[in-house]
Amino acid sequence: DETPTPQPPQPPIKPTFKSDGRYHNKQRCLIICSRGVTARYRHLLEDLRTLIPHHKKDSKLDANKSSVGGVGKAVNDIAEVKGCN
């Protein structure tokens, strides 16, 4: 008959940082546009930036479609540099 031996109670784990009890969004959203965008879309992007407080702004996307990876790779590289997920 093997009965498990009771473990001594462990002290509560204290956080290494002080929390104020509010939720903090750790997501980062990258907002970019391509060259040649009209003023209407520029204003739309500005409105999106005011609505999303955790955004990261980048100037204009200038990637050649003939380059290796194209526009998708350029967007991924910019997001990685800016720390966006």
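Residues numbered from 1 in each chain as written. Predicted model: local features only at pLDDT ≥ 70, side-chain atom pairs only at ≥ 80, totals over all residues. Heavy atoms only, no water.

Sorry if this is basic, but what is going on with helix α2 (residues 70-82) here?
For the α-helix, the turn length of 3.6 residues means that residues three or four positions removed from each other point alike. Look at α2: 19 Å from first C-alpha to last across 13 residues, which is about the 18 Å you get at 1.5 Å a residue. Within α2, the full set of buried residues consists of G70, A74, I78 and A79. Taken from the residues just after α2, G83 is the one with a positive phi, measuring 80°. (Helix = DSSP H or I, 4+ residues; strand = E, 2+ residues; numbered from the N terminus. Expected span 1.5 Å × (residues − 1). Buried < 20%, exposed > 50% of the residue type's maximum accessible area, 1.4 Å probe, protein only.)

Hey, could you run me through the pattern of salt bridges in this one?
A pair can form between side chains of opposite charge whenever their charged atoms are brought close. Counted under the stated rule, the structure contains two salt bridges. Residues R49 and E46 are paired through a salt bridge, measuring 2.5 Å at the closest nitrogen-oxygen approach. Here the residue R49 and the residue E46 both occupy positions in helix α1 (residues 39-51), the gap between them amounting to three residues, near one helical turn. Residue classification places R49 among the buried residues on the basis of a relative accessible area of 14%. Overall, E46 belongs to the partly exposed group, its relative accessible area being 37%. D77 is paired through a salt bridge with K73; the nearest N and O atoms lie 3.3 Å apart. Here K73 and D77 lie together in helix α2, a separation of four residues that amounts to about one turn. (Salt bridge = Lys/Arg side-chain N within 4 Å of Asp/Glu carboxyl O.)

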